[in-house]
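Coordinates in review
Chain by chain, the residues run as shown.
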Amino acid sequence: MNKFFICFFTLLLLKAELHAQFNIIPQPLEVSSTSKGTFNLSDKTPVVFKQQGLEKSASFLNAYLSQFYGFSLKQRKTSATQGIYLALKNKTSKTVGNYALEVKKEGVFISAATEEGVFYGVQTLIQLLDPSTKEKTLAVPFVQIKDEPRFQYRGMHLDVARHFSKMSFVKKYIDYLAVHKMNYFHWHLTDDQGWRIEIKKYPKLTELGSVRKGTITGFLPGNGNTNIPHGGFYTQEEIKEVVKYAADRYITVIPEIEMPGHASAALTAYSYLGCTGGPYKVQETFGVFDEVFCAGNEQTFTFFQDVLDEVVALFPAKYIHIGGDECPKTSWKKCPKCQQRMKDHQLKDEHELQSYFVQRMEKYINKKGKSIIGWDEILEGGLAPNATVMSWRGEEGGIEAAKQNHYAIMTPGNYMYFDYAPSAKRDSLTMPGLTTLEKVYSYEPIPAGLPAESRKYILGAQANVWTEYMNNPSKVEYMIFPRMSALSEVLWSSKESRNWTSFENRLKLQYNRYKLWGANYYKDALENSGKAK
Ligand code: ACM
Ligand code: ZN
């Protein structure tokens, strides 16, 4: 080997060592360390910032220190001899989320062009702290970091319909997103097994639609029924609380209100909205049901407009997710009203009727200044003009949307479904699919076959957490960790810096962070994650 190569490989090794030494997930864009030493962070250290908005980052840091290290910092506006300094600086890159972090003997300096950049810098600082120490003085290693996200949409979904999550866990889940530098929380609020959002104009949605009489036991079709009622919903005040909690962490909450399928809970409350008029029940089992909203009945559209009026007022997000997946056309084929609608509008089949439904709702939502997201079935029968597609049945929906100059978010089942088993050992009840940690880590959100000019339409990716087989927070944690840590790197880190061996090394310390948080996780993820599995 000549000298050049020896130098080159030594540099590579040094770089890998630096990455491992700092154990940051997701891997930052640039990490360097020009001098050895540590800054001592203790309750004597102030957090110093002048600009309005940065108190959110300071408060997050303090809440974290207080919960996990037992002390917090005084907040100051004027500089001190040593401190944590947070600052907005316009000269830095305009990429939203970009930040610079430096640790030296005078303290920790975090600067960014945007508030969220400073917030992400704080997340990185948190990862420079030893998760296992009991000390009240924390040694923060000297380092210089420059960082920015690769994708603008970095999402996690949570299904609270199949199993309800209490407010405390929803907030904890949002904190998990925050520490992984994710910025979208897709809240799946309505489905066959429960309607979970208070709508004041339609009180029966939650009075009747939020409770099912029991739940199957074992894998679908089940080997019994708990016969224990399962219910729960969020009041509008609680929804506002969650939206604010997320916004304080630079996370946008996207509500999903399912239409025209996955309708059993809503139809149980208001049976006139279905093609047959019922009787309906809140489902106790899982899968796809023929009971869907009638597309021929004007009252269905009035209902959704009223519901959306209340939803839009609660969620400041630009996006409303309207579902659109898994809507069997069985009842529409038999329904005189649906058939009449097809005749009146010259719709050639029931897919076009679904497209009519979605486009009508899109128009209403657009008029309110919002855009729709739908699962990739909304491509069938013609895509609504401004819709963003969430590609779940593989990558094809995302590719097709991007080719039609529509935005897409990638959530293909084989890589992004965290309800699939994390290992071939299948040591707990899960969906039949298999998505190992390494599989998640290997995911590339820009599909290989996508023409270069369409790549800008891929906003990012998201993991989906369907909770049919997750009936408590500990199980949800087991299914998301450590796969969510792998996802954060897929979404945040540059493509070039992704390296499985480096990730494996850094993940060992991440396990100690899960322990610090008191979070459950799949402990054998690395051992059972080989490419072959
Ligand atoms: C889905 O998994 N039905 C979007
Ligand atoms: Zn009908």
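A word on the coordination of the zinc ion (ligand 2)
Octahedral six-donor coordination of a metal ideally yields angles of 90 or 180 degrees, compared with 109.5 degrees for tetrahedral four-donor coordination. Protein-derived ligands of the zinc ion (ligand 2) are Cys275 (SG), Cys294 (SG), Cys335 (SG) and Cys338 (SG), with the metal-ligand distances lying across 2.3 to 2.4 Å. Around the zinc ion (ligand 2) sit four donor atoms, and with donor-metal-donor angles ranging over 106 to 113 degrees the site reads as tetrahedral. For the zinc ion (ligand 2), all donor residues lie on one chain, and their spacing in sequence is C-x18-C-x40-C-x2-C. Taking the relative accessible area as the measure of exposure, cysteine 335 reaches 5% and is therefore buried. Here cysteine 338 falls in the buried class, since its relative accessible area comes to 0%.

Examining the sheet that holds strand E5 (residues 83-88)
Here we have seven strands laid out as an open sheet, ordered E1-E9-E6-E7-E5-E3-E4, and mixed in their pairing. Two strands lie at the open edges of the sheet, namely strand E1 (30-32) and strand E4 (75-76), each paired on one side alone. Pairing geometry for strand E6 (residues 99-104) and strand E7 (residues 107-112), over five bridges, is antiparallel. Note that in E7 the partner of leucine 101 across the bridge is isoleucine 110.

Regarding the packing of helix H4 (residues 167-179) against helix H6 (residues 236-247)
With their axes 10 Å apart at the nearest point, H4 and H6 run at an angle of 20 degrees to one another. One element, H4, and the other, H6, form an angle in the roughly parallel class. Here H4 and H6 pass one another in a crossing that is right-handed. Along the contact surface, H4 presents Met167, Val170, Lys171, Ile174 and Asp175, while H6 presents Glu238, Glu241, Val242, Tyr245 and Ala246. Each residue belonging to the contact of H4 with H6 can be placed in one class, and the counts come to six nonpolar, no polar and four charged.

Here's the deal with the nonpolar core
Counting 157 residues, the largest nonpolar core has Met156 and Trp187 as the members making the most contacts within it. Broken down by element, this core gets its largest block of residues, nine residues, from H4. Residues Ile216, Tyr319, Trp375 and Leu459 belong to the second largest nonpolar core, which totals 17 residues.

Rules behind the numbers
- Residues numbered from 1 in each chain as written.
- Chains lettered and ligands numbered in written order.
- Predicted model: local features only at pLDDT ≥ 70, side-chain atom pairs only at ≥ 80, totals over all residues.
- Heavy atoms only, no water.
- Donors = N, O, S within 2.8 Å, 3.2 Å for Na, K, Ca; no water.
- Tetrahedral: all angles 85-135°; square planar, octahedral: opposite > 155°, others 65-115°.
- Buried < 20%, exposed > 50% of the residue type's maximum accessible area, 1.4 Å probe, protein only.
- Pairing = 2+ DSSP bridges.
- Helix = DSSP H or I, 4+ residues; strand = E, 2+ residues; numbered from the N terminus.
- Axes fitted to C-alpha atoms, helices over the stretch in contact; angles between N-to-C directions.
- Parallel < 35°, antiparallel > 145°, perpendicular 65-115°, else oblique.
- Left-handed = near helix turned anticlockwise from the far one by under 90°.
- Contact = heavy atoms within 4.5 Å.
- Nonpolar A, V, L, I, M, F, W, Y, C, P; charged D, E, K, R; others polar.
- Core = buried A, V, L, I, M, F, W, Y, C linked by side-chain atoms within 4.5 Å.

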